[in-house]
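Given next are the chains, with one letter for each unit.
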Amino acid sequence: MPTNKGITVAREEDPDLKQAIVQAVLADLPEWFGLPDATNAYVEEAAKLSLWVACYEGQDGLLAMRVRRLGLSIIAKPARQAAKSVVWALRNTFIIKGLAISW
């Protein structure tokens, strides 16, 4: 099971990549993001807002290292001294493995 060792959180800047990441993570959570119109709205918003992505780099097979996107947070900054989380999501696999409560 992944621990918070090896997990990095970084801001993604590329609008197309931001949308792809949000689409992939939210698609993994159909019980929470199962309404296509609502999910598409988050994907579209991601291109315009700040996106922070949690990644885990670990072994994939014998020798290859693989970076997996664990989750994300989309942040809106409506004012200079304020920010709000638009959506926060963690892939099902990592919720089940307890990462959400150990992080």
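Below you will find a few notes about this structure. (Residues numbered from 1 in each chain as written. Predicted model: local features only at pLDDT ≥ 70, side-chain atom pairs only at ≥ 80, totals over all residues. Heavy atoms only, no water.)

### Notes on helix 1 (residues 15–27)
Okay, step 1: Relative to the 18 Å expected for 13 residues at 1.5 Å per residue, helix 1 spans 18 Å between its end C-alpha atoms, a close match to the ideal helical length.
Okay, step 2: For helix 1, the complete set of buried residues consists of Lys18, Ile21, Val22, Val25 and Leu26. In an axial view of helix 1, the angular spread of the buried residues amounts to 115 degrees, which keeps them on one side of the axis. In helix 1, the exposed positions angled more than 90 degrees off the buried face are occupied by Asp16 and Ala27.
Okay, step 3: Capping of helix 1 at its N-terminal end is provided by Asp14; its side-chain oxygen lies 3.0 Å from the backbone amide nitrogen of Asp16. (Helix = DSSP H or I, 4+ residues; strand = E, 2+ residues; numbered from the N terminus. Expected span 1.5 Å × (residues − 1). Buried < 20%, exposed > 50% of the residue type's maximum accessible area, 1.4 Å probe, protein only. Arc of directions from axis to C-beta. Polar contact = N/O pair within 3.5 Å; in protein donor to acceptor, adjacent residues only side chain to side chain.)

### Concerning the side chain of Thr39
Okay, step 1: Residue placement: Thr39 occurs in helix 2 (residues 36–46).
Okay, step 2: Those residues within four positions of Thr39 in sequence are excluded, and the remaining contacts are Leu26, Phe33 and Gly34. (Contact = heavy atoms within 4.5 Å.)

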